[in-house]
Structures are given as C-alpha cells and as structure tokens.
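# Structure assessment
Residues per chain, in single letters:
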Amino acid sequence: GENVEQHPSTLSVQEGDSAVIKCTYSDSASNYFPWYKQELGKRPQLIIDIRSNVGEKKDQRIAVTLNKTAKHFSLHITETQPEDSAVYFCAASMGHDYKLSFGAGTTVTVRA
Amino acid sequence: DVKVTQSSRYLVKRTGEKVFLECVQDMDHENMFWYRQDPGLGLRLIYFSYDVKMKEKGDIPEGYSVSREKKERFSLILESASTNQTSMYLCASTPTGGKGQPQHFGDGTRLSIL
C-alpha cells in the first residue's frame, strides 16, 4: 500500500516567519494530496488540497507544491500567526478508491 | 456543512469488555472510515465502508470489527478490549463522485482501556 513520510515532526517558528512541511509518498499512482490541520482537542480539518494535474495551489497564506517526478509535496505557510499553531497532517490517495494514507504529523508552534 | 458526530468524546472501559463506538453523518455520504490516532504515528485506518452492509479492512484491523446497517451510521466494535487499544478514535466520511475527495472528520472519541 501507499506509504507517506512527513518531516519534520516538530517545527518552531517566530511569528511572521514562514513554515515549510515536506511529505514524500511511495506509490506513483497517488493523485490526490490533502493537508489537514488539527488544533488541540479538535477534529482534523482540511486546509488545502492538490491534485496531480496541478503543480502548485495557493490560498491566502497557505500554499502547496507537488513534484510528481520526485514523489513529494510540501505545505508552505507564510507570515505565520499564533493561530497557526497546530498539528498538520499530509495525506495521499491513490485515486482508485477513497482511502487516504496519512503522514505522522508535524507539530507547529508559532512563537510570539 | 457536513456533520460527523461521534457518540462519546471520552470513554473508559475495562479489559475484556465489548466496546461500541458510534459514528453518524448527516450528508448522505456513501464512504465512511474509522481511524485511530496515536502520537507520532498519525492516523491509521482500521476499517472502511463504501456502502451499507459493506466493509473492508484497513491497515490495522486486528482486534476490531465494524457494522454498517444504515447509510448514515458506522459502528466500530472492540470485541474484547485490551490496554493497547487505548487511543483516540476518529470517524470520517466522504461522498462518492470523483476520486480524490476530502474526508470530513468527527470530533473523536478518546478511549481508555483499564
């Protein structure tokens, strides 16, 4: 099955700086890559997703890039704010079913 | 807005008990999933279902079973609870209609097995 690796496991940034989380996947058939944010004690919520026919997608301060050849994708958060502190999960789907394979998560802490 | 509701936020049970975790979604989604979340391991898929009466094993099905008698409800069953099943359990759903659909999660059930 699909194997998704996520790095780093923890990330501490100064407010206003950028944060980057990287994920790699193993199966070249994967074609859907969502990112979830989970605040403490809350449910994971989708913040952005990208499909394999697109190389980059942006939504305000959040962007995701996909390199299909290298089988990796990244989440970029610019101008970080304290409310960006959370656990972020990447995931990949092979597209022929609805299953998602998740990375282990990155705990992001934004220092004021 | 999609609503996925898990019956309990916190649950404490004893070793050997049969435990039922319930999940209901109100968006007529065909696909439902059960995950467990452990620190450093992310979300691991236990079971999923594409339709009523249908179930498929995920990556870690041992010690669990599921039931999908109605489209909106997906139950996770721990046949004989053990301490290594202490975890956060998350239910999710997603519609059919084009691959690559985001999953919508419930608030989770934090289960402790004593």
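So, here is what we can say about the structure in this document. (Residues numbered from 1 in each chain as written. Chains lettered and ligands numbered in written order. Predicted model: local features only at pLDDT ≥ 70, side-chain atom pairs only at ≥ 80, totals over all residues. Heavy atoms only, no water.)

Residue and element names in this part refer to chain B. Of note, R36 is situated in strand β4 (residues 31-38). Given the relative accessible area of 9%, R36 is considered buried. Each C-alpha atom, one on R36 and one on T86, is 9.4 Å from the other, the two residues being 50 residues apart in sequence. (Helix = DSSP H or I, 4+ residues; strand = E, 2+ residues; numbered from the N terminus. Buried < 20%, exposed > 50% of the residue type's maximum accessible area, 1.4 Å probe, protein only.)

In the structure shown here, the tally under the stated rule is 14 aromatic pairs over all chains. Aromatic pair F33 of chain A and F73 of chain A: ring centres 4.8 Å apart, planes at 50°, arrangement tilted. With F33 of chain A in strand β4 (residues 32-38) and F73 of chain A in strand β8 (residues 72-77), this pair connects stretches of sequence that are 40 residues apart. Both residues of the pair, F33 of chain A and F73 of chain A, belong to the buried class. A ring pair is formed by F102 of chain A and F105 of chain B, whose centres lie 6.2 Å apart and whose planes are at 70°; its orientation type is edge-to-face. Remark: F105 of chain B occurs in strand β10 (residues 104-105) and F102 of chain A occurs in strand β10 (residues 101-102); the pair is interchain, linking two chains. The exposure classification of F102 of chain A matches that of F105 of chain B, with both residues buried. (Phe/Tyr/Trp six-rings, centres within 6.5 Å; stacked < 30°, edge-to-face > 60°.)

If you look at the interface, chain B gives 27 residues, while chain A gives 19 residues. In total, about 1900 Å² of surface goes out of reach between chain B and chain A, with carbon and sulfur atoms giving 52% of it. Summed over the shared surface of chain B and chain A, the result is one salt bridge. Residues D107 of chain B and R43 of chain A are paired through a salt bridge, measuring 2.8 Å at the closest nitrogen-oxygen approach. The interface formed by chain B and chain A contains six residue pairs in polar contact (both at pLDDT 80 or more). For the side of chain B that touches chain A, the secondary-structure elements that each account for two or more residues are β4, β5 (42-49) and β9 (87-94) of chain B. Here the side of chain B that touches chain A is composed, by residue class, of 12 nonpolar, 12 polar and three charged. (Contact = heavy atoms within 4.5 Å. Buried area = accessible area lost by both parts, 1.4 Å probe. Salt bridge = Lys/Arg side-chain N within 4 Å of Asp/Glu carboxyl O. Polar contact = N/O pair within 3.5 Å; in protein donor to acceptor, adjacent residues only side chain to side chain. Nonpolar A, V, L, I, M, F, W, Y, C, P; charged D, E, K, R; others polar.)

Turning next to the sheet that holds β8 of chain A. All names here are of chain A. If you walk across this open sheet you meet the five strands as β1-β3-β8-β7-β6, and the pairing is antiparallel. Edge positions in the open sheet fall to β1 (4-7) and β6 (56-59), since each of these has one partner strand only. Ignoring strand direction, the axes of neighbouring strands in this sheet form an average angle of 15°. Sheet analysis places strand β3 (residues 19-25) next to β8, joined by six bridges and oriented antiparallel. (Pairing = 2+ DSSP bridges. Axes fitted to C-alpha atoms, helices over the stretch in contact; angles between N-to-C directions.)

On to the state of the cysteines. Under the definition given, this model contains two disulfides over all chains. Shown here is the disulfide that connects C23 of chain A with C90 of chain A, its sulfur atoms set 2.0 Å apart. Sign of the S-S torsion, about -100° for the bond between C23 of chain A and C90 of chain A, identifies this disulfide as left-handed. In this pair, C23 of chain A is assigned in strand β3 and C90 of chain A in strand β9 (residues 86-92), connecting sequence segments 67 residues apart. Note on accessibility: C23 of chain A and C90 of chain A belong to one class, buried. Between the sulfur atoms of C23 of chain B and its disulfide partner C91 of chain B the distance amounts to 1.9 Å. (Disulfide = S-S within 2.5 Å.)

The next thing to look at is the pattern of salt bridges. Residue and element names in this part refer to chain B. By the definition in use, this model includes 11 salt bridges over all chains. One salt bridge connects E79 with K18, and the closest N-O pair in it is separated by 3.7 Å. Here E79 is found in the loop between β8 (73-78) and β9, whereas its partner K18 is found in the loop between β2 (10-13) and β3 (19-25), with 61 residues between them in sequence. Using a relative accessible area of 41% as the deciding quantity, one classes E79 as partly exposed. The partner of R36 in a salt bridge is D38, with the nearest N and O atoms 2.8 Å apart. Take D38: its relative accessible area is 12%, and that puts it in the buried class. Where salt bridges share partners, they join D28, E30 and K71 into one cluster.

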